[in-house]
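Coordinate inspection notes
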Amino acid sequence: MIIITVPITEVVNVVASGEFDQKIDLLHIAASLDRAEYNPESFPGLVLRVSDPKAVFLLFSTGKLVCTGGKSKEDVYAAIETLVKKLRSIDINVNSAPKVKIQNMVASVTLDFRINLETIALTLENSLYEPEQFPGLIYRMAVPKVVILIFGSGKLVVTGAKSDGQIHESVDILVKELKEIGAAEPPK
């Protein structure tokens, strides 16, 4: 019998999109900030790295932005505050903080048991397992709408979640399904 404990879950990346209610002068930012990269011939956006908290922004002249690299929603909002301060420090009059929407959260999960991927591939719909192509099984969960990469070692990568709650809900559902179909195996 396998006793399943609470999985170890770590959010490794949060991606958010947002928009300032104004146009942004990317040339001025590129000339004024050290960690800004702008090459409009190859990409229309400016890449700006901030270190506290660590995040990377893609800024577009339309005022749209993408933030990636945060380890939590709080990191994303703190990084956006840092961005606003940096823009104001170089005389870009940002009227207000951008409207932000979490697009994707990626989490690494460690279960305390091994997983029989062949059993999952034969039993669960919306699973794809081609071990000669990739060592993990790809499982597309409908509710919550996430994709989970499942490895025989008991490691999971959950992607597509919009909240911590969706991450935990999807892992709970998956663990229950693994037990029901007999895919949970004792650790070696």
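Let us look at the structure shown here. Quantities reported herein were computed from a predicted structural model and do not represent experimental measurements.

Let's talk about helix 2 (residues 73-89)
End to end, helix 2 covers 24 Å across 17 residues, agreeing with the expected 24 Å (1.5 Å per residue, within 8%). Among the residues of helix 2, those classed as buried are Val76, Ala79, Ile80, Thr82, Leu83, Val84 and Leu87. Two residues or fewer past helix 2, Asp91 is found with a positive phi of approximately 65 degrees.

Section: a positive patch on the surface
Side chains of Arg35, Lys54, Lys71 and Lys86 sit close together on the surface and give a patch of like positive charge. Here Lys54 shows up in strand 4 (residues 54-59). Of the residues examined, Lys54 reaches a relative accessible area of 68% and is grouped as exposed.

Observations concerning the sheet that holds strand 10 (residues 146-150)
Pairing in this open sheet of 10 strands is antiparallel, and the strands run 2-3-4-5-1-6-11-10-9-8 from one edge to the other. Two strands close off the open sheet at either side, each with one partner strand: strand 2 (36-38) and strand 8 (127-128). Note: strand 8 against strand 9 (residues 137-141), 2 bridges, orientation antiparallel. The residue of strand 9 that forms the bridge with Ser127 is Tyr139. Along the sheet, helix 4 (residues 164-181) contacts strand 1 (8-19), strand 6 (99-110), strand 9, strand 10 and strand 11 (155-161); its crossing angle with strand 11, the most-contacted strand, is approximately 135 degrees.

Quick notes on the packing of aromatic side chains
The full count for this structure, using the stated rule, is 2 aromatic pairs. A ring pair is formed by Phe43 and Phe60, whose centres lie 5.8 Å apart and whose planes are at 65 degrees; its orientation type is edge-to-face. Linking Phe43 in the loop between strand 2 and strand 3 (46-51) with Phe60 in the loop between strand 4 and strand 5 (64-70), this pair joins segments that are 17 residues apart in sequence. Of the residues examined, Phe60 reaches a relative accessible area of 22% and is grouped as partly exposed. Their ring planes at 65 degrees and their centres at 5.7 Å tell us that Phe134 and Phe151 sit as a pair that is edge-to-face. With a gap of 17 residues between them, Phe134 in the loop between strand 8 and strand 9 and Phe151 in the loop between strand 10 and strand 11 connect regions that are remote in the sequence. Its relative accessible area of 32% is what places Phe134 among the partly exposed residues.

As for the pattern of salt bridges
Inspection of the entire model under this criterion finds 4 salt bridges. As a salt-bridge pair, Glu19 and Lys64 come within 4.0 Å of each other at their nearest N and O atoms. Of the two residues, Glu19 sits in strand 1 while Lys64 sits in strand 5, which places them 45 residues apart along the sequence. For Glu19, a relative accessible area of 33% gives the class partly exposed. A relative accessible area of 43% places Lys64 in the partly exposed class. For Glu37, the salt bridge goes to Arg49, with nearest N and O atoms at 3.0 Å. Placement of the pair is Glu37 in strand 2 and Arg49 in strand 3, with a sequence separation of 12 residues.

Conventions used here
- Residues numbered from 1 in each chain as written.
- Predicted model: local features only at pLDDT ≥ 70, side-chain atom pairs only at ≥ 80, totals over all residues.
- Heavy atoms only, no water.
- Helix = DSSP H or I, 4+ residues; strand = E, 2+ residues; numbered from the N terminus.
- Expected span 1.5 Å × (residues − 1).
- Buried < 20%, exposed > 50% of the residue type's maximum accessible area, 1.4 Å probe, protein only.
- Patch = residues over 30% accessible without salt bridge, like charges linked within 9 Å, V, L, I, M, F, W, Y side chains within 5 Å.
- Areas by Shrake-Rupley, 256 points an atom, 1.4 Å probe, with all protein chains shown as cover.
- Salt bridge = Lys/Arg side-chain N within 4 Å of Asp/Glu carboxyl O.
- Lys, Arg positive; Asp, Glu negative; His and termini not counted.
- Charge placed at Lys NZ, Arg CZ, Asp CG, Glu CD.
- Pairing = 2+ DSSP bridges.
- Contact = heavy atoms within 4.5 Å.
- Axes fitted to C-alpha atoms, helices over the stretch in contact; angles between N-to-C directions.
- Phe/Tyr/Trp six-rings, centres within 6.5 Å; stacked < 30°, edge-to-face > 60°.

This is a description of form; function is not addressed.
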